[in-house]
Amino acid sequence: MLQRATEFKSAQQVPLPIRARRLLWAVVTLDVMAASWMIAAGDWLDHYSRVTSVVTLGGHHIVVLWLALIGFAILAVLAPMTNGFAAANRVELVALSIAGVASVAAFAGMISVAALVAGVAGVIAIIGRAVIR
């Protein structure tokens with residue numbers, strides 16, 4: 001009796017919050033963007049400077065490309081299965097998590113460069129405010 005309830009529960013879909021849906025669609029878009037950039041300019045990003053090589057995780061644009069493609073492929077398969085990420089069962093939630101990890105790993109370099117730019121802009125703003133006063 002207990003086993004049947006567990007089997008039924010694992011096949012049952014649970015609704016995903018609207019924020020999660022929006023985030024997953026944004027990740028799909030970012031995966032396409034990352035793959036496009038790695039195809040078009042990955043080799044250049046690897047060798048131009050140390051800052052640009054951070055975007056490719058230390059000069060490994062092929063790894064970033066594959067991570068983005070894996071994340072996109074999993075999400076592209078799951079989108080129709082989950083009705084546009086509206087509801088998912090346990091297996092689909094695990095697959096969504098795997099796609100998220102692959103995608104975040106692909107974006108890690110871009111996120112760190114964006115954080116560097118934001119930090120530098122913040123320091124400049126603080127110094128500028130101190131000088132103006």
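In case you missed it, the structure is sitting above this.
Residues numbered from 1 in each chain as written. Predicted model: local features only at pLDDT ≥ 70, side-chain atom pairs only at ≥ 80, totals over all residues. Heavy atoms only, no water.

1. Remarks on the packing of aromatic side chains
Taken as a whole, this structure holds two aromatic pairs when the rule is applied. Here the aromatic rings of Trp44 and Tyr48 are separated by 4.6 Å at their centres, their planes lie at 25°, and the arrangement is stacked. The exposure class of Trp44 is partly exposed, given its relative accessible area of 49%. (Phe/Tyr/Trp six-rings, centres within 6.5 Å; stacked < 30°, edge-to-face > 60°. Buried < 20%, exposed > 50% of the residue type's maximum accessible area, 1.4 Å probe, protein only.)

2. Topic: helix 2 (residues 18-47)
For helix 2, spanning 30 residues, the distance from its first C-alpha to its last is 40 Å, which sits close to the expected 44 Å at 1.5 Å a residue. The largest bend along helix 2 reaches roughly 75° and is located at Ala41. Those residues of helix 2 that fall on the buried side of the exposure criterion are Leu24, Val27, Val28, Asp31, Ala34, Ala35, Met38, Ala41, Gly42, Leu45 and Asp46. (Helix = DSSP H or I, 4+ residues; strand = E, 2+ residues; numbered from the N terminus. Expected span 1.5 Å × (residues − 1). Bend = angle between axes of the 7 residues up to and from the residue.)

3. Let's talk about the environment of Met110
Assignment of secondary structure puts Met110 in helix 5 (residues 90-132). Spatially, the C-alpha atoms of Met110 and Val55 are 4.9 Å apart, while their sequence positions differ by 55 residues. Excluding residues that lie within four positions of it along the chain, Met110 makes contacts with Met33, Ala34 and Val55. (Contact = heavy atoms within 4.5 Å.)

4. Observations regarding the packing of helix 2 against helix 5
At a minimum axis separation of 10 Å, helix 2 and helix 5 run at an interaxial angle of 50°. Judged on the interaxial angle alone, helix 5 and helix 2 are oblique. Helix 5 is crossed by helix 2, and the crossing has left-handed handedness. Seen from helix 2, the contacting residues are Leu24, Val27, Leu30, Asp31, Met33 and Ala34; seen from helix 5, they are Leu96, Ser103, Phe107 and Met110. (Axes fitted to C-alpha atoms, helices over the stretch in contact; angles between N-to-C directions. Parallel < 35°, antiparallel > 145°, perpendicular 65-115°, else oblique. Left-handed = near helix turned anticlockwise from the far one by under 90°.)

5. Considering the side chain of Thr56
For Thr56, the position within the fold is in the loop between helix 3 (50-55) and helix 4 (61-81). On the basis of relative accessibility, which here comes to 0%, the residue Thr56 falls in the buried class. Apart from residues lying up to four places away in sequence, Thr56 is in contact with Met38, Gly42, Leu45, Asp46, His61 and Val64.

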